[in-house]
Structure formats: structure tokens, C-alpha cells
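Below, each chain spelled out in residue letters.
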Amino acid sequence: MALFGRRNYSTVKVKKRDIPAGMWLKCPACNEIMDTTILSQALWVCPKCSYHFQVTRDDRLAMLVEAGTFEEWDREFYSVDALGFTGVASYTAKLEENIQKTGCKDAVMCGRGRMGTHDVALAIMDFKFLGASMGSVVGEKITRLIERAIEQDLPVVICCASGGARMYEGLFSLMQMAKTSGALAKLHQRGLPYISLLTHPTMAGVMASYATLGDVILAEPGALIGFAGPRVIKETTQQDLPEGFQRSEFLLKHGLVDKVVPRKELRETIIQLLDFMMSDNSGTVRADSG
Amino acid sequence: MSSFALPFEKPIVEMENKLKELRTFSENQDIDVSLEIERMQKKIKETKADIYSNLTAWQKVQVARHPLRPYTRDYIKEIATGFIELHGDRIHRDDRAIIGGFASIGGRRVMVIGTQKGRDTKSNLECNFGCAHPEGYRKALRLMRMAAKFGIPIITLIDTPGAFPGIESEERHIAEAIAVNLREMFALPVPIIVTIIGEGGSGGALGIGVGDRVLILENAYYSVISPEGCAAILWKDRTYADKAAEALKLTSEDLLEQNLADQIVQEPPGGAHSDPKTMAETLKKALEENLEQLGKTPTDTLIEQRYAKFRGMGVFGEEQKEEIAPADTGNSSPREEDASREMDQAGRHSKDDNTGSPDSPAQKSSD
């Protein structure tokens, strides 16, 4: 009995500080510990299990657009506390905190850049900035992006990520859903293509507006995509959520997403789609204007 | 008055009970107390007006959710004639949380569409407490497109806590259903008048909420998130809903001030539920006036103005500012800077410092 008795383990304390911050990262899916330089070269995709890490707007830009071709639009736009919103912390304080954290003024970067042979109107949402929630700045910049695309005859590509509408801006934030969708109605009429890319996570207000209005909707593998959050659904319905619920692959199966595209194929896939959508029946690619 | 009273309605209920007693007493004892009764009625009216003119945002939310408040079907009954309800989205099923059909208002043909709540358990289960599934929004779009085909103006009546957060709702893509409605409503070549009659619950409300005019009943509310939801996120406690309601600026007055609503439709003293008939008449008048005005507007202008209206919604700053350089400078608050350097200059400045990867002005900002 003594032979098979319970053995007493002693816990070993790992000093987290032994690993320099930012140099090593643990994959949340497979627990593999990786050098961030290698990870960055692999477009922030785990080499072992293909887990797709969230990327910064700059990394996203670098992986999609030809170097040196990006011209940013409306960079100077910043959010204001129109409602004088004070909860536990004020909106102004939240904004300051996020501006400091990201070095950006708000949650979306818009501009014109080259992908393959196409100049595109491109928007990249950055989840790091207040969960890429959509307030007036995001709504306005996306709307201007679409309006400029119409003016300059450009296809639109939006890399979506968002926790939803920015409640600190009250109903103003909800109305950004209408505003951006209205601009897309115009783009639609002009016959210009719009490719929407859903990245982890894309939820709520952004989902219920421009994210789901793409002519083609692409998604990165494993991204959480939906309208209501899983916890809210669980609490409301008291039901167990199905396996893989609200993930890219689930949405492909249920017919919302056109294609789940691994990050390293993303650029090529978008270019291939644009090649097709921007050419006429003779196969001539539509000339870029401006 | 009612079998249900909100906490702040208690003084009214007490007085009404007293009035009832007085009447019974008068009848039983055959004593003339008409003077007393008259005085009591006057006092009730004053108290009602007093209470209802000083409601807090949270109290208004409660009025908007009052179980006796008139719902879409009640208004259709009072306001419209010849309602022919049309069912189903032709894809999945008939969602009872959004109803719609042909009707006439003041002799004008309209397509009326609205979210519908229930009065009791049975009807609430049927219409899912006014929370629509994707098929509800798709039915609404089908009816709106039909209205456009026949050149019939569209009236939408909104009273919903929000679109339904459920598994099936997600499986059939509630977000996409709402988004498509938003886009398509901008292109419909007929007048659209939207009225928030009770709860304007976020995306679920907006899904039938794009129009040429947005009306809101005095005690209705329209918000990006429910006060409880907001409190749960920001205060980590749903009981702070009153504070959240205040902060969200969701009342009719707030929205008119912010140019997010065009017109407030006055409710009778004591709220819509205290006198549904008067409420319906007031709403009918408002709808008729707007139908009249919009009917004269050429279609192209209508669509242009509709876009311009929503295009203008939003508050933000766009001054040109110093490049933000986080951490390594003392600029803790770029918003306070009044510098107005040319943007391209700022961009170039950052590009100089930038090594590697594509040179965009944005490169500097986050590393």
C-alpha cells in the first residue's frame, strides 16, 4: 500500500519575470512558447497549430499592401466625449488611456494602397483600441473611405474586428451603423466591389452593418464572429452552445462566410478576387484612375 | 386606472383609489360629493402632470416598458383602417415579433411594419417579447420592397428590447439581416417614417429604423445598449441601470437635442398607457402631417436627403495635430494640443524615424 500511496508534490514557482516581456509568447491554443520575431515572420500564426494571433494595424497593413504605397486618409480624426459620459471612468480618460496604449487616435486606419495591380480603399480596424468599438470616428472614417472609393473608382477592402458599438457615445454610435450602410448602398449602385474580412473578434454593431455587407465575406480561421456575445446568448436562452459556435468555420458551414482564408493566403486571395471583380468580360482589368 | 403601477405612479394610484371610495360612498349613502370628486379629479390630473413632467431617464425607460403601454397592434387598430396583415419572410417562417401589412391612414395607403410585444405569457411567447429573429427583419424588407413597388409610403413602429440573442438567431445570421435592411432602406424610393413608440433597443430597433423622419414618443427611449447592459459592463452591476440610463442620453429630449430624432410626439399626462386613445390620435396627426410633407418631395431628393440626414450623425474632432509619440515624449494628452502642423509634414516626420516595413505615415504610431 505504501508503495502506491499518494505522493506529495511540491509546487515549483515559476518566476514570470525570467522571460523578457514581449520576446516570448505562449500560444493560447497549443501552449507552445515562441520567439516573437519568428512569430512575426510567420504573420503571427502559430507554426505548430496555426492559431491566428491578433495583429496590429501596422502588421496587417504590411501583410496586405505593397510597401511604400499606402497613403493614409483622415488620420487626424479623434473622438470627443459628446455626452459627457462618466461611468466608473470617464470616456475622456478611457480615450487617453487607449491613445497612450496604441499611439493611435482611434480604432480604425483608412487609406489607399496597392494590392497586386489594384489600388484599393483599405480600412484596418485595431482591436487594441477600446476593443475596436465603433463610435463616430470609426463610422465617419469608414463612410469617407467608401465615398472616396466611389469618387476615385476604387474597390473597398475592410479588415473588420470589433467588440461592437461604442456605448460611451450613446445613440451616435448606433447611427454609425446606418451611416456606413448608407454609404455602401451608394457603392453598391456604382458597381464597385467590396471585400469584407472578418478577423477575431467581429461582433455586434460592426457585424450588423458593414462587416456583413461585403460582396465577398472572408474570415480568418477560428475568429469569433457574431451579433450577440456567447455569454449573453447563454444567459438569455439557458442553452448549451453548439461546438464551434460563432467561429469562422461554423459561419462558413451556415452560409454567411464565403471563404475561410489562412493568413498567409490572405493577400493572394484578395488580389485574385479583385482581379476577377475588377475586370470586364474581355479579361481586361479595369484601369485605375487617379 | 391600472392593475400595474410603477413605483413613482403610487401617489396617483392612491388618489385614484380614494376617488373610487368616494364614489362608492356617495352612491351607497346617496350623498352628493360631486364637489369633492371634482376637486379630487383635478388633483389627480395635476399630480400626474407634475410627476410625468419630472421623470428621470430611468423612470422614462420604465414608462417605455410599462406593461399597459399601447403596442404596435394597438396603434394600428386606432390609427389605421383596413389593415391586411401579411406574413412570413418566404424563406424560413413567420416571425411574430415583427408584424406588417397594408393599411390606410387618413385615407392614404401605407405599408405599416412594427415590432410587437405581448400582453401575457401566451402572447409573449408567441412574439418572443418583441425580440425579432432574422426572419422578422427579412419579412420587413420583403414588405418594404413591395411597398416600393407600389409606391406606398412606409410607416415603421418600433418597440423592442433588441434583436433576439439566441443560437438560431445567430445560425440564420441576425447581424446580416439587420445590415441588409439598413443598406436597402437607404435606397427605397418611397417615404419612410420611423416612430419609436416604446423601447428603441439598439440594432434590433435600427433594423427597421432608417427613414426620412424619425419620430419618438415623449416617454419612449432609443439607445445603443439597454441601461442594464451598460451598467453591467461599466459598473459591473446591473443595479446601476439608473445611472447608466442618465449617462446614455437616451430620452426623447436628449435625442431631439442631438439631432438624432426629428420630432417628439407628446404623450398625454400620465403617459401613453393612461390614455391610449388620445395617444393614438396625437400619433395619427403627426404621421399624417409627415406623410403630407414627404408626399410632395421628389423621390431623388427624398433618397438624397435620407442619406444626408444619417450622414450627418456623429460627433468627432478633426483638427490637425502634432504627431503622437507615445511613451517617449511628455505629451500625455494629444487632445489638448492646439498645434496645427500640416499632416504630410507630420507624416514625413514619423517616416524618418521609421525603419523597415512599409513606409506609411501610420507606421510610427504603434510599435
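Just so it is clear, the structure is predicted and the values come from calculations on it, not from any experiment.

Trainee: An account of the overall build of chain A is requested, with residue identities and associated values reported.
Mentor: Within chain A, the secondary structure is distributed over 9 helices and 11 strands. Counting over 290 residues, chain A shows a buried share of 55%. Residue pairs in contact within chain A that sit at least 24 positions apart in sequence constitute 68% of those at least 6 positions apart. Working note: accessible area of chain A is about 12,900 Å², and carbon and sulfur atoms make up 52% of it.

Trainee: So what's going on with the state of the cysteines? Which residues, and what values?
Mentor: All chains considered together, the criterion is met by 0 disulfides over all chains. Unpaired in this structure, Cys 46 of chain A has its nearest cysteine sulfur neighbour in Cys 30 of chain A, at a distance of 3.7 Å. Sulfur of Cys 127 of chain B: no disulfide; nearest cysteine sulfur belongs to Cys 131 of chain B and is 8.8 Å away.

Trainee: Any chance you could break down the packing of aromatic side chains for me, citing the residues and the numbers?
Mentor: Following the criterion strictly, the structure yields 9 aromatic pairs over all chains and no others. On the numbers, 5.0 Å between centres and 5° between planes, the contact of Tyr 91 of chain A with Tyr 168 of chain A is stacked. Taken together, the residues Tyr 91 of chain A in helix α3 (residues 91-102) and Tyr 168 of chain A in the loop between β7 (156-162) and α5 (170-190) connect sequence positions 77 residues apart. No difference in accessibility class separates Tyr 91 of chain A from Tyr 168 of chain A, as the two residues are buried. Judged by centre distance (6.2 Å) and plane angle (10°), the ring pair of Trp 235 of chain B and Tyr 240 of chain B falls under stacked. For Tyr 240 of chain B, a relative accessible area of 32% puts it in the partly exposed group. Each member of the aromatic cluster is reached from another via a ring pair, and the members are Phe 85, Tyr 91 and Tyr 168 of chain A. Sitting over the face of the ring of Tyr 71 of chain B, Arg 119 of chain B holds its NZ or CZ atom 3.9 Å from the ring centroid. Here Lys 309 of chain B stacks its cationic end above the ring of Phe 310 of chain B, 5.8 Å away from the centre of that ring.

Trainee: Give a detailed account of the domain arrangement of chain B, specifying residues and quantitative values.
Mentor: All names here are of chain B. Split by domain assignment, chain B resolves into domain 1 (7-54) and domain 2 (62-311). One C-alpha centre belongs to domain 1, the other to domain 2; they are set 35 Å apart. Residue-level contacts link 6 residues of domain 1 with 9 residues of domain 2. For the pair domain 1 and domain 2, the summed buried area comes to about 570 Å², and 60% of that belongs to carbon and sulfur atoms. Along the contact surface separating domain 1 from domain 2 lie 0 salt bridges. At the boundary of domain 1 and domain 2, one finds 3 residue pairs in polar contact (both at pLDDT 80 or more).

Trainee: For the pairing of β7 of chain A, give the residues involved together with the corresponding values.
Mentor: Side-chain positions along a regular strand alternate between the two faces of the sheet. Residues and elements named next belong to chain A. For β7, the buried fraction is high: 7 of the 7 residues fall into the buried class. Burial of β7 is two-sided: the residues Val 156, Ile 158, Cys 160 and Ser 162 facing one way and the residues Val 157, Cys 159 and Ala 161 facing the other way are all buried. Sheet topology note: the β7/strand β8 (residues 194-203) ladder contains 6 bridges and is parallel. In the sheet register, Cys 160 faces β8, and the bridge partner there is Leu 198.

Trainee: Describe the nonpolar core, and please don't skip the residues or the numbers.
Mentor: Judged by nonpolar contacts, the single largest core of 147 residues is most densely connected at Tyr 210 of chain A together with Tyr 75 and Tyr 222 of chain B. No other element matches α5 of chain A, which puts 10 residues into this core. If we ignore the near neighbours within four places in the chain, the residues touching Tyr 75 of chain B are Pro 70, Ala 80, Leu 157, Ile 197, Leu 217, Ala 272, Met 279, Ala 280 and Leu 283 of chain B. Val 157, Leu 197, Val 261 and Leu 274 of chain A belong to the second largest nonpolar core, which has 28 residues in total.

Trainee: Tell me what's going on with the domain arrangement of chain A, and back it up with residues and numbers.
Mentor: Residues and elements named next belong to chain A. With domains assigned, chain A is organised as domain 1 (22-53) and domain 2 (54-277). Domain 1 and domain 2 are separated by 24 Å when their C-alpha centres are compared. Contacts between the two partners involve 5 residues from domain 1, matched on the other side by 9 residues from domain 2. Carbon and sulfur atoms make up 59% of the area that domain 1 and domain 2 hide from each other, which totals about 640 Å². Of all residues in domain 1, the largest losses of buried area upon contact with domain 2 belong to Leu 43, His 52 and Phe 53, amounting jointly to 76% of the total for that side. Here domain 1 and domain 2 share 0 salt bridges between them. Counting across the interface, domain 1 meets domain 2 through 5 residue pairs in polar contact (both at pLDDT 80 or more). Looking at the side of domain 1 that touches domain 2 residue by residue, the classes come out as 4 nonpolar, 1 polar and no charged.

Trainee: Describe helix α4 (residues 136-152) of chain A, with residues and values.
Mentor: Residue and element names in this part refer to chain A. Taking 1.5 Å per residue, 17 residues should reach 24 Å; α4 reaches 24 Å between its end C-alpha atoms and fits that length. Where burial is concerned, most of α4 is hidden: 13 out of the 17 residues are buried. With its phi angle positive at about 60°, Asp 153 sits one or two positions after the end of α4.

Trainee: An account of the interface of chain A and chain B is needed here, citing residue identities and associated values.
Mentor: Interface size is often expressed as the accessible area that is lost when the parts come together. The partner chain B presents 67 residues to the 82 residues of chain A that form the contact. Together chain A and chain B conceal approximately 6,500 Å² of surface at their shared face, both sides included; 67% is due to carbon and sulfur atoms. A salt bridge links Arg 144 of chain A to Glu 318 of chain B, with the nearest nitrogen and oxygen atoms 3.9 Å apart. For the interface between chain A and chain B, the tally reads 12 residue pairs in polar contact (both at pLDDT 80 or more). Counting residues per element, the ones that place at least two in the side of chain A that touches chain B are α2 (57-64), β4 (78-79), α3, α4, α5, α7 (230-237) and α8 (248-253) of chain A. Residues that form the side of chain A that touches chain B fall into these classes: 41 nonpolar, 26 polar and 15 charged. Relative to strand β9 (residues 316-317) of chain B, β4 of chain A is paired through 2 bridges, and the arrangement is antiparallel. From the neighbouring strand, Ser 79 of chain A faces β9 of chain B, where its bridge partner is Phe 316 of chain B.

Calculation notes
- Residues numbered from 1 in each chain as written.
- Chains lettered and ligands numbered in written order.
- Predicted model: local features only at pLDDT ≥ 70, side-chain atom pairs only at ≥ 80, totals over all residues.
- Heavy atoms only, no water.
- Helix = DSSP H or I, 4+ residues; strand = E, 2+ residues; numbered from the N terminus.
- Buried < 20%, exposed > 50% of the residue type's maximum accessible area, 1.4 Å probe, protein only.
- Contact = heavy atoms within 4.5 Å.
- Areas by Shrake-Rupley, 256 points an atom, 1.4 Å probe, with all protein chains shown as cover.
- Disulfide = S-S within 2.5 Å.
- Phe/Tyr/Trp six-rings, centres within 6.5 Å; stacked < 30°, edge-to-face > 60°.
- Lys NZ or Arg CZ within 6 Å of the ring centre and 35° of its normal.
- Domains from an automatic or database assignment.
- Buried area = accessible area lost by both parts, 1.4 Å probe.
- Salt bridge = Lys/Arg side-chain N within 4 Å of Asp/Glu carboxyl O.
- Polar contact = N/O pair within 3.5 Å; in protein donor to acceptor, adjacent residues only side chain to side chain.
- Pairing = 2+ DSSP bridges.
- Core = buried A, V, L, I, M, F, W, Y, C linked by side-chain atoms within 4.5 Å.
- Nonpolar A, V, L, I, M, F, W, Y, C, P; charged D, E, K, R; others polar.
- Expected span 1.5 Å × (residues − 1).

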